[in-house]
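An overview of the molecular structure
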Amino acid sequence: MILSDKRILEEIDKGSIVIEPFDRKCLGTNSYDVHLGKYLATYKDDVLDAKKHNEIAHFEIPEEGFILQPGKLYLGVTLEYTETHGHVPFLEGKSSTGRLGIDIHATAGKGDVGFCNTWTLEISVAQPVRVYAGMPVGQLIYFVVDGDIETLYNTKGNAKYNHKTIRPVESMMWKNAF
């Protein structure tokens, strides 16, 4: 079951959902619009290795925007910091973003209950497109959880993306044993 606008507001009032900054105009019928933060990042190496720490270079989107290029992976970040203590958050692209040929996540659209951070976006484009800090880029949808939660994400000792940040975070696959 997906939370409605009224239910999202109720959960914000209770503190089980946190969105900072929050703007009532961004609340949809059953979602909340999130915006592109001012930082992007790209990997330093052209060939990535799942077993090693692949470093990224951060840069700030200039006021005149930045042109994303096809064939390149960009890591972006949401302007909004969120906390979700009793629901499963899903991040999806907005239709207006998709119609510009922008994908905002390769595979990681689902958050965990207890996720408390900004969202790193895995951005790719179908053709060159200029993006701007603060532009609407996606929407959060909240699902009800059925059953008790044993371990919230923000209390897991091995959670790889628990450090609060306003910048995109690179893959931490290298921390996995395989």
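As a convention, each chain's residues are numbered from 1 in the sequence order in which they are written. Predicted model: local features are reported for residues with pLDDT of at least 70 only, side-chain atom pairs are reported and counted for 80 or more only, and whole-chain, interface and lining totals are derived from all residues. Heavy atoms from the whole structure form the basis of all side-chain values; hydrogens and water molecules are not counted.

Within this document, salt bridges are pairs made up of a side-chain nitrogen of Lys or Arg and a carboxyl oxygen of Asp or Glu, the two lying within 4 Å of each other. This model, assessed by the stated rule, comprises six salt bridges. Note that Glu11 and Lys14 form a salt bridge whose closest N and O atoms lie 3.3 Å from each other. In this pair, Glu11 and Lys14 are both assigned in helix 1 (residues 5–14), three residues apart and thus about one turn of the helix distant. Burial classes follow relative accessibility: with a 1.4 Å probe on protein chains only, a residue under 20% of its type's maximum area counts as buried, one over 50% as exposed, and anything between as partly exposed. According to the relative accessible area criterion, Glu11 is buried, its value standing at 3%. Among the salt bridges present, the one from Asp112 reaches Lys110, with a minimum N-O distance of 3.2 Å. Among the charged side chains, a network of salt bridges with common partners joins Arg7, Glu11 and Lys14. Where helices and strands are cited, they refer to DSSP runs of H or I of at least four residues and of E of at least two residues respectively, numbered from the N terminus.

Here, the term nonpolar core denotes a set of buried Ala, Val, Leu, Ile, Met, Phe, Trp, Tyr and Cys residues that are joined through side-chain atoms within 4.5 Å. Counting 29 residues, the largest nonpolar core has Leu36, Leu68, Leu91, Ile102, Leu121, Ile123 and Tyr142 as the members making the most contacts within it. Breaking this core down by element, the ones donating at least two residues are strand 1 (17–20), strand 2 (32–35), strand 11 (120–125), strand 12 (129–131) and strand 13 (136–144). In what follows, a contact means two residues having at least one pair of non-hydrogen atoms within 4.5 Å. Aside from chain neighbours lying at most four places away, what touches Ile102 is Thr97, Ile123, Ser124, Val125, Val129, Val131 and Met135.

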